[in-house]
Amino acid sequence: MEKILNFINGELVEPVSGNFLDNVNPSTGEVYSLVSDSDEQDVNKAIEAAKNAFPSWKKTTREERADILRKLSALIKENFDEFVKAESTDNGKPLKVSENVDIPRSSKNLEYYADEILKFEGEKFSDEGMGENYLEYSPIGPVVSISPWNLPLYLFTWKIAPALAAGNTVVAKPSEVTPMTAYMFTKLCNEAGLPKGVLNVIHGLGHKVGDALTTHPDIKAVSFTGSTATGKIIAKNCGAHMKKYSLEMGGKNPNIIFADCDFDEALSVTMRSSFANQGQICLCGSRIFVERSIYQKFKEGMIEKAKKLRQGDPLDPKTHQGAVVSEAHMNKIISFFDIAIEEGGKILIGGKRADLPGFFVEPTIIENLSHDCRTNQEEIFGPVVTITPFDNEEEVTTWANSTEYGLSASIWTKDDAKARRMASAIDSGVVWVNTWLMRDLRTPFGGMKESGRGREGGTYALKFYSDVKNICIKR
Ligand code: NAD
């Protein structure tokens, strides 16, 4: 059985302990590979390698770093079909999602930061008759990147690309549940010309390697994407050791549909924002609020479309809905069906495990819940949405803002003034109007409240991975 190895100082190596964890294919429930069960000893070796590689990597020119990122991007493209198949097998997501979203975006992330670093300039300030001030950005040192399982290679590259482009060396930890594509990526690093030790990848359990990664004195910054609960542990560790941190965490995103929207477009995009990737995208709209006059029609439209979602083998191109990522995650999702019923919820469709091998949950729509119940407050992170009628802007704004989260929101209306009013009133890092998941990589990405600290994307990520110095020269 294939062993997923750590990548330290340019070499693929077994963990020091020799221990491995099972890696399960979620669409069959079967173990299909083994993943390194790393511990502190492996982390220390990786950090040592990153520390040793830093002095020469930070002296490389931007062009040299950009060239290597472009080569890595090209190598993903050359191995596109293998990456697509591996991502769907490891995560359970339909082939179409890996093919159209995960893998293209992974190579795009590297290309984007290859371009962006060439344009990254320190700002200048006018002298006001006294002197000139200008900013100089420099790499901060070895950094840690920790990524989740829902968009494995996509989020892995989203973090390492700006870190490497800005001249830092990296120790990355992909999710233990979906380690395969990061492992495949490490096999390409030497071919792309990435010097030894510049990128190191440690596999294994977060709670086992987490403290070693986030408290080590040689690590200068930690970038994390995952749950809010883990983010809080990381913030505490980083705070205690004076490290920079950037946290991209959970969401419970409102999707607000006014009667004056383009009904068909709102309905079809709402189906995507509810069930794409089995609802396992942090930006999925899990609380749907529909203006009362179109509530019945919208609800019926969603049920009709949900009936047509074909669940099954992720590798079958006809599949719309694959498996959720693991048995533990499936059980967590399913536990919310009883909670919702206890809270007075009515399950309109779905509400159970699908009758398939592996870990499949039926696309589920629930109504008749109050905005403050657990089902409407806690992140379920599966193919489960609630739907609620509303009567006016004020009421729906209060409900939308009523959770601890503030990651994203969608608003559907043809009234431009109303759209802008609502967009300003909603507490979230991104608000989409008449669309969902439209991304310009130059814009800041992240959440308010317990959804995030800091922003990624564009120059925001490059600044996070840099120290800034103000140089003031007297006239
Ligand atoms: P998770 O927090 O369980 O794990 C994320 C990563 O952190 C994994 O690599 C894990 O091994 C590691 N980890 C776990 N404990 C750790 C510790 N104590 N110290 C250091 N690292 C540790 O999250 P998950 O279940 O993999 O991912 C799902 C979550 O990610 C959801 O909450 C989702 O909303 C969130 N997410 C957020 C964004 C965003 O951009 N805001 C994007 C994708 C996913």
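Residues numbered from 1 in each chain as written. Predicted model: local features only at pLDDT ≥ 70, side-chain atom pairs only at ≥ 80, totals over all residues. Heavy atoms only, no water.

With mixed pairing, the 3 strands of this open sheet are ordered in space as 1-5-4. For this open sheet the edge positions go to strand 1 (2-4) and strand 4 (20-25), each flanked by a neighbour on one side alone. The mean angle between the axes of side-by-side strands here comes to 40°, regardless of whether they run parallel or antiparallel. Pairing geometry for strand 1 and strand 5 (residues 30-36), over 3 bridges, is parallel. Along strand 5, the bridge assignment pairs Lys3 with Leu34. (Pairing = 2+ DSSP bridges. Helix = DSSP H or I, 4+ residues; strand = E, 2+ residues; numbered from the N terminus. Axes fitted to C-alpha atoms, helices over the stretch in contact; angles between N-to-C directions.)

On to the site of the ligand, then. Close to the ligand lie 28 residues; Glu176, Ser227, Thr230, Met249 and Glu379 are nearest. At 2.8 Å from an oxygen atom of the ligand is found a side-chain nitrogen or oxygen belonging to Trp149. About the coverage of the ligand: the protein hides 90% of its 850 Å² of free accessible area. For the shell around the ligand, the secondary-structure elements that each account for two or more residues are helix 7 (206-215), strand 11 (221-225) and helix 8 (228-240). Two domains each provide a minimum of three residues to the shell around the ligand, namely domain 1 (3-249 + 451-473) and domain 2 (254-441). (Near = heavy atom within 4 Å. Polar contact = N/O pair within 3.5 Å; in protein donor to acceptor, adjacent residues only side chain to side chain. Areas by Shrake-Rupley, 256 points an atom, 1.4 Å probe, with all protein chains shown as cover. Domains from an automatic or database assignment.)

A two-sided burial pattern is seen for strand 8 (residues 143-146), the buried positions comprising Val143 and Ser145 on one face and Val144 and Ile146 on the other. Considered for its hand, the β-α-β crossover made up of strand 8, helix 5 (residues 152-165) and strand 9 (residues 170-173) is right-handed. One ladder, built from 4 bridges, connects strand 8 with strand 11; its direction is parallel. Within strand 11, the residue paired with Ile146 across the bridge is Phe224. (Buried < 20%, exposed > 50% of the residue type's maximum accessible area, 1.4 Å probe, protein only. Right-handed = clockwise from strand over helix to strand, strands pointing away.)

All right, on to the domain arrangement of the chain then. Splitting the chain by domain gives domain 1 (3-249 + 451-473) and domain 2 (254-441). When domain 1 packs against domain 2, the two sides together hide about 2300 Å² of surface, and 61% of this comes from carbon and sulfur. Taken as a group, Pro94, Trp149 and Ser451 account for 23% of the area that domain 1 buries against domain 2, more than any other trio of residues on that side. Linking domain 1 with domain 2 are 0 salt bridges, by the criterion used here. In this structure, the connection of domain 1 to domain 2 is made through 11 residue pairs in polar contact (both at pLDDT 80 or more). Among the secondary structure elements, those contributing two or more residues to the side of domain 1 that touches domain 2 are helix 3 (80-91) and helix 4 (95-119). (Buried area = accessible area lost by both parts, 1.4 Å probe. Salt bridge = Lys/Arg side-chain N within 4 Å of Asp/Glu carboxyl O.)

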